[in-house]
Amino acid sequence: MEKIKFLRSVNNLYHLPDLKLPELVLCGRSNVGKSSFINSFFNRKGIAKTSSTPGKTRSLNYYLVDEYLYIIDLPGYGYSKISKTERNRWQKLIENYFSISDNIKLACHFIDSRYNPTSLDVLLNNYLKKIELNYIIILTKVDKLKQSELARMKKEIIKFFPELILGENLFLYSSTKGIGKKDLQKKFNKLL
Ligand SMILES: Nc1nc2c(ncn2[C@@H]2O[C@H](COP(=O)(O)OP(=O)(O)OP(=O)(O)O)[C@@H](O)[C@H]2O)c(=O)[nH]1
Ligand SMILES: [Mg+2]
């Protein structure tokens, strides 16, 4: 995967792209670094909008990769400062997207490596299993952890999700340091 371009922001499912292509979807809590992942993975500073304040991504953002694959950056969950109406709208949009799209090859579930998974992370994981989607968990911001903290987190995450195996369906990542990029490139190449 090399070239990426922004395709469109989708706020309602009538506006999904007509052309069907395999999809890689980025999901997880607000502020964990989903949009930053796109910028760092493709060395394209600013192609995805990021913010230190949670709730930056507010629609389904479609990117076209190498003319044959969509990457979809979803709004994050667990952000308390948005209105209930807006939160319900996002939830509907995301749920409907998952139920409509029959071309998702992989869901990347992002979790901040500094914190244990939340109840919403557990819900998402259960949901991905229930709908039988291929998924991986990406622990983000590992540049912020000491080696000992990282070792603890690797053990901790497996208590929550026992199916995880490092390098197979669990990956460590840092957008600022480029850690984990090679491993993920390999994983994506194998799969797509
Ligand atoms: N140190 C460090 N900071 C990061 C990393 N990834 C993201 N950040 C920072 O975390 C904040 C949130 O990043 P975003 O990429 O906007 O997070 P998001 O998951 O897209 O958030 P929503 O759009 O609200 O769902 C920004 O301030 C980023 O600079 C990382 O690997 N290391
Ligand atoms: Mg975002």
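In this numbering scheme, every chain counts its residues from 1 along its sequence in written order. All chains are assigned letters beginning with A, and all ligands numbers beginning with 1, in the order in which they are written. The predicted origin of the model limits local features to residues at a pLDDT of at least 70 and limits the giving and counting of side-chain atom pairs to 80 or more, whereas totals for whole chains, interfaces and linings rest on all residues. The side-chain figures draw on all heavy atoms in the structure; neither hydrogens nor water molecules are used.

S.K.: Explain the site of ligand 1 here, please?
M.R.: Around ligand 1 sit 22 residues, and of these Lys 34, Ser 36, Gly 55, Asp 143 and Ser 175 come closest. Think of a polar contact as two N or O atoms within 3.5 Å of one another; within protein, one of them needs to be a possible hydrogen donor and the other a possible acceptor, and neighboring residues in sequence only count if both atoms come from side chains. For ligand 1, an oxygen atom lies 2.9 Å from a polar atom in the backbone of Asn 31. Its free accessible area being 660 Å², ligand 1 has 87% of it covered by the protein chains. Residue classes in the shell around ligand 1 are distributed as 2 nonpolar, 14 polar and 6 charged. Consider each residue's heavy atoms; a residue with any of them within 4 Å of a molecule or strand counts as near. Using the Shrake-Rupley algorithm and a 1.4 Å probe, accessible areas are obtained, with residue cover drawn only from the displayed protein chains. Residues are grouped as follows: nonpolar covers Ala, Val, Leu, Ile, Met, Phe, Trp, Tyr, Cys and Pro; charged covers Asp, Glu, Lys and Arg; every other residue, Gly included, is treated as polar.

S.K.: Hey, could you run me through the coordination of the magnesium ion (ligand 2) in this one?
M.R.: In ideal tetrahedral geometry, four donors around a metal make angles of 109.5 degrees, whereas ideal octahedral geometry with six donors gives angles of 90 or 180 degrees. Note on the magnesium ion (ligand 2): its protein donors are Ser 35 (OG) and Thr 57 (OG1). The metal-donor distances range over 2.0 to 2.2 Å. A residue pair is termed long-range when its members are at least 10 positions apart, and Ser 35 in helix α1 (residues 34-41) and Thr 57 in the loop between α1 and β3 (60-65) qualify at 22 residues. Donor atoms are limited to N, O and S found within 2.8 Å of the metal ion, a distance that becomes 3.2 Å for Na, K and Ca. With water left out, some sites might look partial. Numbering goes from the N terminus for both helices and strands, where a helix is a DSSP run of H or I of at least four residues and a strand is a run of E of at least two.

S.K.: Could you clarify how one ought to interpret helix α3 (residues 119-130) in this entry?
M.R.: Residues three or four positions apart in an α-helix share a direction because the helix packs 3.6 residues into each turn. With 12 residues, α3 ought to run about 16 Å at 1.5 Å a step, and its terminal C-alpha atoms sit 16 Å apart, in line with that. Type-normalised accessible area, obtained with a 1.4 Å probe on protein chains alone, sets the label of each residue: buried when under 20%, exposed when over 50%, and partly exposed for intermediate values. Within the sequence span of α3, burial applies to Asp 121, Leu 124, Asn 125 and Leu 128. One side of α3 holds all its buried residues, which, seen down the axis, span an arc of 100 degrees. For α3, the exposed residues lying more than 90 degrees away from the buried face are Ser 119, Leu 123 and Lys 130. Residue contacts are defined here by distance: any two heavy atoms, one from each residue, within 4.5 Å place the two residues in contact. For α3, the secondary structure elements touched by its buried residues are β2 (23-28), α2 (84-100), β5 (104-112) and β6 (135-140). The length a helix should cover is 1.5 Å for every residue beyond the first. In this context, the arc is that of the directions from the helix axis out to the C-beta atoms.

S.K.: Got a minute to help me understand the pattern of salt bridges in this structure?
M.R.: Opposite charge on two side chains permits them to pair, given that their charged atoms come into close proximity. Only one rule defines a salt bridge in this text: a Lys or Arg side-chain nitrogen within 4 Å of an Asp or Glu carboxyl oxygen. This model, assessed by the stated rule, comprises 9 salt bridges. Residue Lys 20 is joined to Asp 102 by a salt bridge in which the shortest nitrogen-to-oxygen separation is 2.7 Å. With Lys 20 in the loop between β1 (4-10) and β2 and Asp 102 in the loop between α2 and β5, this residue pair connects regions lying 82 residues apart in the sequence. No difference in accessibility class separates Lys 20 from Asp 102, as the two residues are exposed. For Arg 114, the salt bridge is made with Asp 112, and the minimal N-O distance between the two is 2.8 Å.

S.K.: Honestly, the nonpolar core in this entry has me stumped. Any pointers?
M.R.: As a rule of thumb, nonpolar side chains are buried together in soluble globular proteins. Membership of the largest hydrophobic core comes to 24 residues, with the highest contact counts inside it found for Phe 37, Ile 38, Ile 71, Cys 108, Leu 184 and Phe 188. Looking at this core, the elements with two or more residues in it are β2, α1, β3, β4 (69-73), β5, β6 and α5 (181-191). Each nonpolar core is a collection of buried residues, namely Ala, Val, Leu, Ile, Met, Phe, Trp, Tyr and Cys, held together in the definition by side-chain atoms within 4.5 Å.

S.K.: Quick question: what am I supposed to make of α1 here?
M.R.: Taking burial as the measure, the 8 residues of α1 include 7 buried ones, the bulk of the element. Lining the buried residues of α1 we find β1, β2, β3, β4, β5 and α5. Two residues or fewer past α1, Asn 43 is found with a positive phi of approximately 50 degrees.

S.K.: Can you walk me through the sheet that holds β3 in this structure?
M.R.: Strand pairing within a sheet occurs via backbone hydrogen bonds; the two strands may be parallel or antiparallel. Here the rule is simple: two strands pair whenever DSSP picks up at least two bridges between them. Sheet architecture is open: 7 strands sit in the order β1-β3-β4-β2-β5-β6-β7, paired in mixed fashion. With one partner strand each, in any of the chains shown, β1 and β7 (170-172) form the two edges of the open sheet. Sheet twist, expressed as the mean angle between neighbouring strand axes with direction ignored, is 25 degrees. As paired strands, β3 and β4 are joined by 5 bridges and run antiparallel to one another. Looking across to β4, one finds that Asn 61 is bridged to Asp 73. The axes are straight lines fitted to the C-alpha atoms, using for helices just the contacting stretch, and the angles between their N-to-C directions are given from 0 to 180°.

S.K.: Would you explain unusual backbone geometry in this entry?
M.R.: Most peptide bonds take the trans form, and the phi angle of most residues other than glycine is negative. Phi is positive for Asp 66, which is not a glycine, with a value near 50 degrees. Turning to its location among the elements, Asp 66 is positioned in the loop between β3 and β4. According to the relative accessible area criterion, Asp 66 is partly exposed, its value standing at 29%. Even without being a glycine, Lys 141 presents a positive backbone phi close to 60 degrees.

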